[in-house]
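# Topology and contacts: notes
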Amino acid sequence: MAATLCGKLLPQKGWLPVTQSVRHGSKAVTRHKKPIHILKKKLVAVTQYIPPKPTPPPGAYPCQTAVVQEQESPLMRLLKRDVEEVFRDCKMVGVAQNNSSRSDDMMMLRNRFHKHGIKVKFFPNQVMRSFLSESIYGNMTPLFIGPTVLFVSKEPKVKEMLATLRVSPQMVLLGACVDNTLLSAQGVASYARLPSVAVVQGELVGGLSAPASHTGSLLQRHPARLTALLQQYVAQRAKAEEAT
Amino acid sequence: MIALVKAAVVSVAAVSAHGHQHGLRHTHLKVLTAGLKTLEIPPDYSDVVLPEKPKLKFMNKVPNLKKVKKEMKRLRDIQGPARAANTFTSGQYAIVAMGGGYIHWGHLEMMRLTINRKMDSRTTFARWRINAPYKPITRKGLGQRMGGGKGAIDRYVTPIRFGRLIVEVGGKVELGEVEHILIEVAKKLPFPAKVMSRASLEAFQQRQADMEENNQNPWTYKRIAQGNMLGIRKVLSPFDLIHHGRFTGKFHIPGRV
């Protein structure tokens, strides 16, 4: 190093440094971590990485855009088709909560329902919710939380269903859709208490034909009764006219 | 005779009675629970080609040279990041060096024997990503005084830098199946090492690039060192200008940008 320095032509106004520090001590690459000069430590402290401001956590604010539909697996599509078929064919669809029923309880329930033609269906809640959100039965979505069972039948056999469910304590009826009408649990109970269609029709017919039958019965009686009634009616009319 | 007929009639009646319930028979013992299980599709290995010799090949202790020459220490072959062999070629998972160091034949034998013994050669293959030892390391005898020339060649080593791949493993396997083998080997290496997959190595390299990009600190080591602000180069080494404070000697300092 001294040779190279002397070899260079020194400028007139140049100068040689008075002291030359020869680096000694450990090399650049050592097995241990070399002690760091305090100024270098300060440099390292000053030039630390500062990350960008953290964004709010994902659930903090409601998302502006619409919820993206999750990828539907083929199994889900298959089950959705089954659900669609059920809702199309059956007039009554009852939703009940199934609280830890054992296989023998389920067997008895199915047997009792089968006598009335009611079927027991199981569908995953995920599938039900995605089907209901796209169909007209959207208001049934809150019913499908937790372990649920569907009781479906082609004819609305509400009375029989309620009777069977009263026997099995594990099943709690949440609601039903009977003839495209959503009913709550109380609604189902009151629906069951309604008289049958034939009885209602009979009552209606009776009510409509009541005046005609009354007139008929009046004429069929003895004519003296009719004249007495008419005289009484005339007297009443005259009294009313005198009063006014 | 009459009893037999009676029994037959009863059985026929029973069969006919249960006939209408045949639809229930399949489901009466099952209690379905709520929830739809979506299963993950297992990975498709149809495009993976296994080589003929799947195991790690033997590496020589000493290179095949006619004339052996003693070499200078040149410790700079340990320093800084690796520029070569820091990406995947054929395998899926690899051991990546997280520091600098020298690997000698003992380490290589340990790796070869462990990996060859523990891996399934029908479904996995392994490849070396480092050379056989070629750098001679000299050592003087025990108790010798200074002077008397350079020592004799003691052993040969392979220098390894930070970020270099050591061994690559691939085949019809997932990371979980080979991870325990590679971790066992990685712990015994003379420098810190990690097991990474293609995705995780890319993520690792990307993280460093992201850190450099979105650093909110206006003062960076590179800026201060290159500008010699406050005469800081008095306490810095010339290598700090190149490595920007991420490496000191053979060590890598994580978290520096």
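### Description of the confidence of the model for chain B
Residues and elements named next belong to chain B. With 87% of its residues at a pLDDT of at least 70, chain B reaches an overall mean of 90. Note that pLDDT drops below 50 for residues 11-22; the model gives that stretch 3 contacts with residues more than four away or on any other chain. Here the prediction assigns the complex a pTM of 0.66, and the interface score ipTM is 0.82.

### Re the pairing of strand β4 (residues 171-178) of chain A
Residue and element names in this part refer to chain A. Taken across its 8 residues, β4 has 6 buried, putting it largely inside the fold. Relative to β4, strand β1 (residues 92-98) runs antiparallel, the two being bridged by 7 bridges. Across the sheet, the residue bridging to G94 is A176, located in β4. Judged from the 4 bridges that link them, β4 and strand β5 (residues 181-184) form a sheet pairing that is antiparallel. Looking at β5, one finds that G175 is bridged to S184. The turn linking β4 back onto β5 is made up of 2 residues, and D179 within it adopts a positive phi angle of 55°.

### Looking at the sheet that holds β1 of chain A
All names here are of chain A. Taken in spatial order, the 5 strands line up as β2-β3-β1-β4-β5 in an open sheet, and their pairing is antiparallel. Where the open sheet ends on each side, the last strands, each with one partner, are β2 (119-121) and β5. Neighbouring strand axes in the sheet, compared pairwise and without regard to direction, differ in orientation by 25° on average. Taken strand by strand, helix α6 (residues 158-167) contacts β1, β3 (148-153) and β4, and its axis lies near 170° from that of β4.

### Section: the interface of chain B and chain A
Facing 38 residues of chain B, the contacting portion of chain A comprises 40 residues. For the pair chain B and chain A, the summed buried area comes to about 3200 Å², and 68% of that belongs to carbon and sulfur atoms. There are 1 salt bridge connecting chain B and chain A. When the shortest N-O distance is used, the salt bridge between D240 of chain B and K40 of chain A registers 3.1 Å. Here chain B is connected to chain A by 8 residue pairs in polar contact (both at pLDDT 80 or more).

### So, the sheet that holds strand β6 (residues 165-171) of chain B
Residues and elements named next belong to chain B. The 4 strands lie next to each other as β3-β6-β1-β7, forming an open sheet whose pairing is antiparallel. In the strand order of this sheet, the two ends are held by β3 (124-128) and β7 (193-197), each with one partner. Shown here is a sheet whose adjacent strand axes are inclined to one another by a mean of 20°, direction ignored. Across 5 bridges, β3 lies against β6 in antiparallel orientation. Across the sheet, the residue bridging to F125 is G170, located in β6. Across the sheet, helix α3 (residues 105-118) lies against β3 and β6, angled at about 170° from β3, the strand it touches most.

### Some details on the nonpolar core
All names here are of chain B. Among the nonpolar cores identified, the biggest contains 27 residues, and I95, I103, M111, I115, W128, I166 and V167 are the most heavily contacted of them. Going through the elements one at a time, β1 (93-97), α3, β3, β6 and α4 (175-187) are the ones with two or more residues in this core. Here this core takes 5 residues from α4, the largest share from any one element. Not counting residues within four places of it along the chain, the set of residues in contact with V167 comprises L56, Y93, A94, I95, M111, I115, R127 and W128.

### So, the pairing of β1 of chain B
All names here are of chain B. Of all 5 residues in β1, 5 are buried, a share of seventy percent or more. Pairing between β1 and β6: 4 bridges, direction antiparallel. Counterpart to I95 in the pairing with β6 is V167. Looking at chain direction, β1 and β7 are connected through 5 bridges and run antiparallel. Of the residues in β7, the one forming a bridge with V96 is K194.

### Quick notes on unusual backbone geometry
Even without a glycine there, the phi angle at N180 of chain A is positive, about 60°. Turning to its location among the elements, N180 of chain A is positioned in the loop between β4 and β5. For N228 of chain B, which is not glycine, the phi dihedral falls at a positive 50°. Tracing the sequence through the fold places N228 of chain B in the loop between α6 (221-226) and α7 (238-243). Its relative accessible area of 35% is what places N228 of chain B among the partly exposed residues.

### Some words on the packing of aromatic side chains
All names here are of chain A. One pass over the structure, following the stated rule, counts 6 aromatic pairs over all chains. On the basis of an interplanar angle of 40° and a centroid distance of 4.7 Å, the ring pair of F87 and Y137 is categorised as tilted. Separated by 50 residues along the polypeptide, F87 in helix α3 (residues 74-89) and Y137 in the loop between α5 (125-134) and β3 bring together distant segments of the chain. A single burial state applies to F87 and to Y137, both of which are buried.

### A word on the environment of F123 of chain A
Residues and elements named next belong to chain A. Residue position: F123 is located in the loop between β2 and α5. By relative accessible area, which is 9% here, F123 ends up buried. C-alpha of F123 to C-alpha of T148: the two residues are 25 residues apart in sequence and 8.1 Å apart in space. Leave out the neighbours within four places in its chain, and F123 touches L79, D82, V83, V86, M128 and L150.

Rules and cut-offs
- Residues numbered from 1 in each chain as written.
- Chains lettered and ligands numbered in written order.
- Predicted model: local features only at pLDDT ≥ 70, side-chain atom pairs only at ≥ 80, totals over all residues.
- Heavy atoms only, no water.
- pLDDT = per-residue confidence, 0-100.
- Contact = heavy atoms within 4.5 Å.
- Buried < 20%, exposed > 50% of the residue type's maximum accessible area, 1.4 Å probe, protein only.
- Helix = DSSP H or I, 4+ residues; strand = E, 2+ residues; numbered from the N terminus.
- Pairing = 2+ DSSP bridges.
- Axes fitted to C-alpha atoms, helices over the stretch in contact; angles between N-to-C directions.
- Buried area = accessible area lost by both parts, 1.4 Å probe.
- Salt bridge = Lys/Arg side-chain N within 4 Å of Asp/Glu carboxyl O.
- Polar contact = N/O pair within 3.5 Å; in protein donor to acceptor, adjacent residues only side chain to side chain.
- Core = buried A, V, L, I, M, F, W, Y, C linked by side-chain atoms within 4.5 Å.
- Phe/Tyr/Trp six-rings, centres within 6.5 Å; stacked < 30°, edge-to-face > 60°.

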